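If you want the building blocks of each chain, they are given just below.
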Amino acid sequence: KRQVFGANHREALTTMSNLAGLYFDQNKTTQAEEMYVECLHTMEEVLGRGDPRTLATLHNLAAMYYGCGKFGEAMAHFQDSHIRLSMVLGEEHEDTKAAHCWLEKARQELFRINQFMDVGSEGSFAGSFQE
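Figured I'd write up the structure that's included with this text. From a predicted model like this one, the values you see are computed outputs, not experimental measurements.

Moving on, we get to the overall build of the protein chain. Helix and strand content of the protein chain: 6 helices and 0 strands. Of all intrachain contacts in the protein chain linking residues separated by at least 6 positions in sequence, the fraction that spans at least 24 positions is 47%.

See the structure below:
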């Protein structure tokens, strides 16, 4: 589609975003992340920060980070997605509510990990493995 429409055409960008998702599905996370980031940057410039395709790619990048266990990055992108969707669609739209749910999931995972790390650093948890 890049050759037919040009690299910055919305159809080529959508295909690029879909290809990034395919890379992620194949556990090619480095390629997926690079492609999502490049695609998102181009979509923001060409289509705008509030375009539905841009917002979908932002959400998919956040979901990829979540799936890789990169909850800090996921939370930052889910938060950005939630803010943009709130401005474009309103707080009551189902996509905005879904973005809020994903944001809360990422927050909970970060909280859980931080609790685990705090317990381990206090020695009580880590000490239970000593013989």
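The subject of this paragraph is the packing of helix H3 (residues 29-46) against helix H4 (residues 52-67). Angle between the axes and distance between the axes: these two values describe a pair of packed helices. Between H3 and H4, the least distance of the axes is 9 Å, while the angle of their chain directions is 155°. The orientation of H3 relative to H4 falls into the category roughly antiparallel. In this structure, the crossing between H3 and H4 has a hand that is left-handed. Between H3 and H4, the contacting residues are Thr29, Ala32, Glu33, Tyr36, Val37, Cys39, Leu40, Met43 and Glu44 on the first element and Arg53, Thr54, Thr57, Leu58, Asn60, Leu61, Met64 and Tyr65 on the second.

The N-to-C vectors of H4 and helix H5 (residues 71-89) enclose an angle of 155°; their axes lie 8 Å apart at closest approach. The angle between H4 and H5 places the two elements in the roughly antiparallel class. When you trace H4 past H5, the crossing you get is left-handed. Every residue of H5 that contacts H4 at Thr54, Leu55, Leu58, His59, Leu61, Ala62, Ala63, Tyr65 and Tyr66 is listed here: Phe71, Glu73, Ala74, His77, Phe78, Asp80, Ser81, Arg84, Leu85 and Val88. The residue inventory of the contact of H4 with H5, partitioned by class, reads 12 nonpolar, 4 polar and 3 charged.

Parameters at a glance
- Residues numbered from 1 in each chain as written.
- Predicted model: local features only at pLDDT ≥ 70, side-chain atom pairs only at ≥ 80, totals over all residues.
- Heavy atoms only, no water.
- Helix = DSSP H or I, 4+ residues; strand = E, 2+ residues; numbered from the N terminus.
- Contact = heavy atoms within 4.5 Å.
- Axes fitted to C-alpha atoms, helices over the stretch in contact; angles between N-to-C directions.
- Parallel < 35°, antiparallel > 145°, perpendicular 65-115°, else oblique.
- Left-handed = near helix turned anticlockwise from the far one by under 90°.
- Nonpolar A, V, L, I, M, F, W, Y, C, P; charged D, E, K, R; others polar.

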